Structures are given as structure tokens and as C-alpha cells.
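Observations on the three-dimensional arrangement
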Amino acid sequence: MGNFNSGGATRRRFLGAAAGLLGAAPLGGLGLLSRSACADTIDLHAKGGPGQRSLTAAFPEKGRMILQRTRPPWLETPFDVFDKGVFTPNNQHFVSWHWATFPTSADVTRYALRVHGHVNQEISLSLDDLLHGMPRVELAAVSQCAGNSRIYFQPRVAGAQWANGSMSNARWTGVSLKDVLDRAGVKPGARMVRFGGLDEAILPEAPKFMKSIDIDHARDGEVMIAFAMNGQQIPMLNGFPIKLIVPGWCAVYWIKALNDIEVLDGPDLNYWTTTAYRVPNKPNYTVSPGEKNLDLIPITRNVPRSFITNVSAGDIIPLGAPNSARGIAFGGDKGVKSVDLSTDGGANWTPASLGADEGKYSFRQWRADFTLTTPGAHVLMVRCTNSDGETQPGKPVWNPGGYMGNMIESTNVLAA
Amino acid sequence: MPRRLLVILMWTILASSSAAVAQAPQKLVSPPEVDLPFGDAAFPDGPGAEAINNNCMACHSVDHVMNQPSLSREGWEEVVKKMVRAYKAPISLADQEKIVDYLAETKGLD
């Protein structure tokens, strides 16, 4: 992969943290190295709780991942992966399951996707029906957990303690959900479409994990049922054999090992829709800690984000020499209109140039040249604005669930 | 090589490699049944460790808890309540108290 700094000045670190060193490590073929060849912990630089995590390669079909939870797995994409290109390799695409009873195998010959509820005829589709009986669709889209970056919320909140790597981008191939619904024939009066997968709650009274979207959204032609990511079948831990793709929406909607589609003629009253995954109905979903009687709304779409991927906190930037910053951005549920870089803590912004457009739901690479002309501390910041004109907030996002964090990222460096 | 040319060349490499996506499969193959790690066998010692060991590990591994931030006693009470009310963990009231004690002691704010 191209490295814009290959002809420029070299950098050294003044903070010798494991995370920083890993960020600078060469990556090609790492999956082939033995585990002992890799540093086996990473520092996520969290305040108010443990910041060290193990790096693991112990999960099937998965390469080096940050171990956030062993069972059911929460595996985070190491951040250095995002510097290599806009598509996250399948073996480093993040993993998150809610219930410990999730599929560890699937019989492709007997797999069935049931479509039922408020439809003219209940149908059951085989994988063969999906792979060969319907038109194929393809799009690139970022899957991002609504709780991405929760570990950086202050004050800290309970939940999956993701750093910035519970997001991954892939090119998805499959069939349109609209085509599948049309086969069953949606009856007039349908309101919601609810999705379930092979994962089951362990305790009998506990709520099965399901999510639903409006009927019009379900039939927009973009929501799809994928059987391939980046041209390969989906890894078991990412939802083999088929997965719902809701482009631009948080990954909680992207039901893995999808086997049940139910058309509802009323609201979806299941726990995961009515109670879980909710945010305050406020700008940037942000309230003050301790605020009571919040008006909560369901989490739906992604919001714009951007990251510098080739400069880490603590880097020393050669004074007066031309340098190049690069990274990734995404517009949330809209495309990236612009990305801007600031080298003075947000006082002045310079437009970055944008890389290839892989579609509005994809990561997009950006690059901006800069020169630091005064010695000492500098704060690099990057900001994405989407095609709706929505941009990232300059102040911290905070809500009790630790959701939708998208504050402008800052990277502290030293010019010397 | 002039810097500008180098930059253009690099962009071209980036763009072409990111677009190089293999053809999607015509057939899916069941991967072998996967065997997944369980995690630690028990929580670190502490007052009430027995209660947390007996009640919490059916649904999640130890590291789920150990990686959480430090929280106030009220914060931990809320977490344990959520496990019982929302996720239907069958934990006796007595054990709920012991679990909160353990968490407030080992992962408290003070």
C-alpha cells in the first residue's frame, strides 16, 4: 500500500508506549508470524480504568485483533489497519456478539431464511436461492458499532470498552432486501420489518436479539442481504453465511447469521428496539452527566467521523520540513463532502485532498500536506463534513450509554 | 522523483488496490465447527468473589467485567440491576448485594 511518507523525513517517538510502537510496525504478512513475534498487549490510553488489552490471534478466521471480551467475543480492529487502505481485511473486521449462544457452524445445504408475518405468502429461501435465484447487488459500507470510542467518554460509562476500532469497511455482495420482500409480497398496512439471526439468549426469559426498520427503509433498494464481503464468504464470527447490511446505519442493525425476517403491521415492541440502544434527543446526542428524565430516541444512522492514521500521539515532527498527514473519513449516512486538517488545535483549517470514491457509505481516504514552523507542542485535528453539510462536533459527545461518539479527533505532536 | 509525481503515483496505487476486490463466490462452504476460547476460569480473589463466579460467567467471560472502567457503587448497582431486569440473570438478592460489594471494592472509584 502506498505510503505518502516514504520520501519524507523519518519520525521518532518520545513516548515509547507499546501502542505507539505497534502503530509504526510493518504490517505485511503479520498474520503469518507466530503470536510470540507480535507484542501481545496494546495500550488504548484510557483514563479511569484499565487501558491495556491483549492482542489475540486465537479466534478462527481472524488475524491479530484487540481482545475486548473473550465470550461472547468482542474483537476490535487494531487501529494501524486503517492506515493500509479503505477496505478492512476480512480477518481484521471487528467482531461483536450480544449473546454467548451464537453460531459456531452453519450447514449451508440446509440453511433457510424465513420471511413471514404481514405478507401474502410465507417463504423460505435457501442459500442457493440467494446466490443464484436473484439479481446481485454490491456496495461498500462501513459497519460501525454505536458504541465505538466509548472508552474515551468522560466520565466513563459501562459497556463494551471500544477504542476507535469497532468499525470496519467492506464491499458487500448479496441481494436486495426489497427483492426478497417482493417474493413474499408485503401486504398493505405493513409498518416495520424485523430481523433475527441464529444467536439465541442463554436464559429462557431473556430477550432474543432482534432489530427492525421501517417498511419504506426496508424497500429502499439499498438495504441488502450479503453473502460475501470483499469478494469472500463472510467469516463465521462476522455472520456467516448471510448478514443484513443497512448502509449508513449503526452495526446493531446488521443482523448476523440472518435467518428470520418478519413483516409487522404495527410497532416493534421488542426490548432491543424499545429499551436498548437509545440516545438523548439532543444535538450530538449529548447531555450532562447526571441529567435526569432524558427524552430517549432509538439509535439509527451513523454520523460523520474522520481519523489521522499515519501520525500518532507523541510523534516528533521534523521542524520546518514538509510533511503529509493522511487517514480515513466517512460521512455517516451520507457521502464525504470534505475533510479538513488543522495543525493549530482547530484555529485554522486546510482542505485535504480526497482519495477514490468507493461510494457514499464507504471509508474515504484523505491526505493533506503540512509544515510545522514553530518548535514545541502542536495539536493536529481532522474534521469531516458530509454531503448534507453535517460536520463533527468540537466538544465531547457524552450520553449515559456511551453511544455515537464523533468528536473531532486530536493528535498531540511535537515539532523539533 | 519529484515529490508531486511521487504523490500522484502513490494515489494511483492506493486507488487501484482498494478497487481490486475479488469476484464474489458462487458457492458458500461451511467452515469447520469453530472452537472458541472460554476465558479465565474465575474472577480475581476478593470479598464476594464466590457470588460473582457463580452467577456471571454463564453469559460472559471474566474479562468483560475486568475491562470495565472504575464505577461508583451506584454505577455498579445499576449494572447488576440491568443484568437481572433486562437480561434476566437469575441472581438472588443476597448474591446481587455481594456482587455489587465485590465490584465496588475491586473496581470502585476510590
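Along each chain, residues carry numbers from 1 onward, in the same order as the chain's sequence is written. Numbering of ligands from 1 and lettering of chains from A proceed in the order in which they are written. Whole-chain, interface and lining totals are the exception, using all residues; otherwise, since this is a predicted model, local features are given only for residues with pLDDT of at least 70 and side-chain atom pairs are given and counted only at 80 or more. Only hydrogens and water are removed before side-chain values are computed, so all heavy atoms of the structure are retained for them.

**Focus on the overall build of chain B**
Counting from the N terminus, the helices are DSSP H or I runs at least four residues long and the strands are E runs at least two residues long. Summing up its helical and strand segments, chain B has 5 helices and 0 strands in all. Ordered by position in the sequence, the α and β elements of chain B form the string α-α-α-α-α. Type-normalised accessible area, obtained with a 1.4 Å probe on protein chains alone, sets the label of each residue: buried when under 20%, exposed when over 50%, and partly exposed for intermediate values. Looking at the 110 residues of chain B, the share that counts as buried comes to 41%. Residue contacts follow a heavy-atom distance rule, with two residues in contact if any of their heavy atoms lie within 4.5 Å. At a minimum sequence separation of 6, the contacts of chain B that also span at least 24 residues come to 58%. A total accessible area of about 6500 Å² is found for chain B, and carbon and sulfur atoms account for 56% of it. Computed with the Shrake-Rupley method and a 1.4 Å probe, the accessible areas treat only the protein chains shown as cover for residues.

**Some details on the interface of chain B and chain A**
Taken together, the contact pairs 50 residues of chain B with 71 residues of chain A. For any pair of parts, buried area is found by adding up, for both, the accessible area (1.4 Å probe) each one loses once the two are put together. With both sides pooled, the region where chain B packs onto chain A buries about 4700 Å², and carbon together with sulfur makes up 62% of that total. The term salt bridge refers to a pairing of a side-chain nitrogen on Lys or Arg with a carboxyl oxygen on Asp or Glu at a separation within 4 Å. The tally of links from chain B across to chain A stands at 0 salt bridges. A 3.5 Å cut-off defines polar contacts: any pair of N or O atoms within that distance qualifies, except that in protein one atom must be a possible hydrogen donor and the other a possible acceptor, and neighbouring residues in sequence count only when both atoms are side-chain atoms. Between chain B and chain A we count 20 residue pairs in polar contact (both at pLDDT 80 or more) in total. Elements with a minimum of two residues in the side of chain B that touches chain A: helix H1 (3–19), helix H3 (62–66) and helix H4 (73–85) of chain B. Of all the elements, H1(B) adds the most residues to the side of chain B that touches chain A, at 11 residues.

**A short note on the sheet that holds strand S23 (residues 353–354) of chain A**
Residue and element names in this part refer to chain A. Strand order in the open sheet formed by 4 strands is S18-S20-S24-S23, and the pairing between neighbours is antiparallel. Both outer strands of the open sheet, strand S18 (305–308) and S23, are each paired with one neighbouring strand and no more. At least two bridges found by DSSP between two strands is the condition for calling them paired. Both S18 and strand S20 (residues 322–330) contribute to a ladder of 4 bridges, which runs antiparallel. Paired with isoleucine 308 across the two strands is glycine 327, which belongs to S20.

**As for the packing of aromatic side chains**
Pairing of aromatic side chains requires ring centres within 6.5 Å, counting the rings of Phe and Tyr and the six-membered ring of Trp. Pairs whose planes differ by under 30 degrees are stacked, by over 60 edge-to-face, and all others tilted. Inspection of every chain in the model, using the stated rule, returns 18 aromatic pairs over all chains. Seen in terms of ring centroids, A:Phe94 and A:Trp162 are 5.9 Å apart; in terms of plane orientation they differ by 85°. Their pairing is edge-to-face. Taken together, the positions of A:Phe94 in the loop between strand S4 (74–76) and strand S5 (95–96) and A:Trp162 in the loop between strand S8 (137–144) and strand S9 (167–176) put the pair 68 residues apart, joining distant regions of the chain. Exposure remark for A:Phe94: the relative accessible area of 7% places this residue in the buried category. Seen in terms of ring centroids, A:Phe330 and A:Phe363 are 5.5 Å apart; in terms of plane orientation they differ by 65°. Their pairing is edge-to-face. Of this pair, A:Phe330 sits in strand S20 while A:Phe363 is found in the loop between S23 and strand S24 (364–371), placing the two residues 33 residues apart along the sequence. Residue class for A:Phe363 comes out buried when judged on its relative accessible area of 1%. One residue, A:Arg71, lies across the ring of B:Phe38, its end atom 3.9 Å from the ring centre. Here, over-ring charges are defined by two tests on the NZ atom of lysine or the CZ atom of arginine: distance to the ring centre within 6 Å, and angle to the ring normal within 35 degrees. Note that A:Arg383 overlies the ring of A:Trp349, its terminal NZ or CZ placed 4.2 Å from the centroid.

**So, the environment of A:Asp315**
Residue and element names in this part refer to chain A. Among the structural elements, aspartate 315 can be located in the loop between S18 and strand S19 (316–317). Linking aspartate 315 and methionine 229, residues 86 residues apart in sequence, is a C-alpha distance of 35 Å. There is a polar contact of 2.8 Å between the side chain of aspartate 315 and the backbone nitrogen of serine 312.

**Focus on the confidence of the model for chain A**
Predicted coordinates in regions of low pLDDT should not be interpreted in detail. Per-residue confidence for chain A gives a mean pLDDT of 91, with 91% of residues at or over 70. Residue-level confidence of the predictor is what pLDDT reports, using numbers from 0 through 100. Ignoring residues within four places in sequence, the model shows residues 1–37 of chain A, a span with pLDDT below 50, making 67 contacts including any to other chains.

**A word on the pairing of strand S15 (residues 258–264) of chain A**
Residue and element names in this part refer to chain A. Along S15, 5 of the 7 residues are buried, which leaves the element largely enclosed by surrounding structure. As defined by bridge partners, strand S6 (residues 112–117) adjoins S15 across 4 bridges and the pair is classed as parallel. Paired with histidine 116 across the strands is glutamate 262, a residue of S15. Both strand S10 (residues 192–197) and S15 contribute to a ladder of 6 bridges, which runs antiparallel. Within the sheet, the bridge partner assigned to phenylalanine 195 lies in S15 and is isoleucine 261.

**Focus: the packing of H4(B) against helix H5 (residues 93–106) of chain B**
Residue and element names in this part refer to chain B. It is the contact of H4 with H5, at a shortest axis distance of 9 Å, that shows an interaxial angle of 140°. As the angle between them shows, H4 and H5 are arranged oblique. Here the hand of the crossing between H4 and H5 comes out right-handed. From H4, Arg73, Trp76, Glu77, Val80 and Val84 reach across to H5, where they touch Gln96, Ile99, Val100, Asp101, Leu103 and Ala104. Three classes are used: nonpolar for Ala, Val, Leu, Ile, Met, Phe, Trp, Tyr, Cys and Pro, charged for Asp, Glu, Lys and Arg, and polar for all others, with Gly counted as polar. Broken down by class, the residue content of the contact of H4 with H5 amounts to 7 nonpolar, 1 polar and 3 charged. Between N-to-C directions, angles cover 0 to 180 degrees, with each direction set by a line fitted to C-alpha atoms, over the stretch in contact for helices. Relative orientations are named as follows: roughly parallel for angles under 35 degrees, roughly antiparallel for angles over 145 degrees, roughly perpendicular for angles from 65 to 115 degrees, and oblique for any other angle. Note: crossing handedness is left-handed where the near helix turns anticlockwise from the far helix by less than a right angle, and right-handed where it turns clockwise.

**A word on the nonpolar core**
All names here are of chain A. Residue types Ala, Val, Leu, Ile, Met, Phe, Trp, Tyr and Cys, when buried and joined through side-chain atoms within 4.5 Å, form a set referred to as a nonpolar core. The biggest cluster of nonpolar side chains holds 74 residues, and the ones touching the most others in it are Ile225 and Ile261. With 6 residues, the single largest contributor to this core is strand S12 (residues 224–229). Not counting residues within four places of it along the chain, the set of residues in contact with isoleucine 261 comprises Leu113, Arg114, Val115, His116, Leu177, Val180, Leu181, Val193, Arg194, Phe195 and Ile225.

**Some words on the pattern of salt bridges**
Inspection of every chain in the model, using the stated rule, returns 21 salt bridges over all chains. For A:Glu291, the salt bridge identified is with A:Lys282, shortest N-O distance 3.3 Å. The class for A:Glu291 is partly exposed, based on a relative accessible area of 34%. Under the relative-accessibility criterion, A:Lys282 is labelled partly exposed at 38%. In this structure, B:Lys98 engages B:Asp95 in a salt bridge whose closest nitrogen and oxygen atoms are separated by 3.9 Å. With B:Lys98 and B:Asp95 both in helix H5 and 3 residues apart, the pair spans about one turn of that helix.

**What to know about H5(B)**
Residue and element names in this part refer to chain B. By this rule the span expected of a helix is its residue count minus one, scaled by 1.5 Å. Its 14 residues give H5 an end-to-end C-alpha distance of 20 Å, which sits within 8% of 20 Å, the value for a rise of 1.5 Å per residue. All buried positions along H5 are accounted for by Asp95, Gln96, Ile99, Val100, Tyr102 and Leu103. Viewed end-on, H5 has its buried residues packed into an arc of 160°, placing them on one side of the element. More than 90 degrees from the buried face of H5, the exposed residues found are Leu93, Glu97 and Glu105. The directions considered for the arc run from the helix axis to the C-beta atoms.

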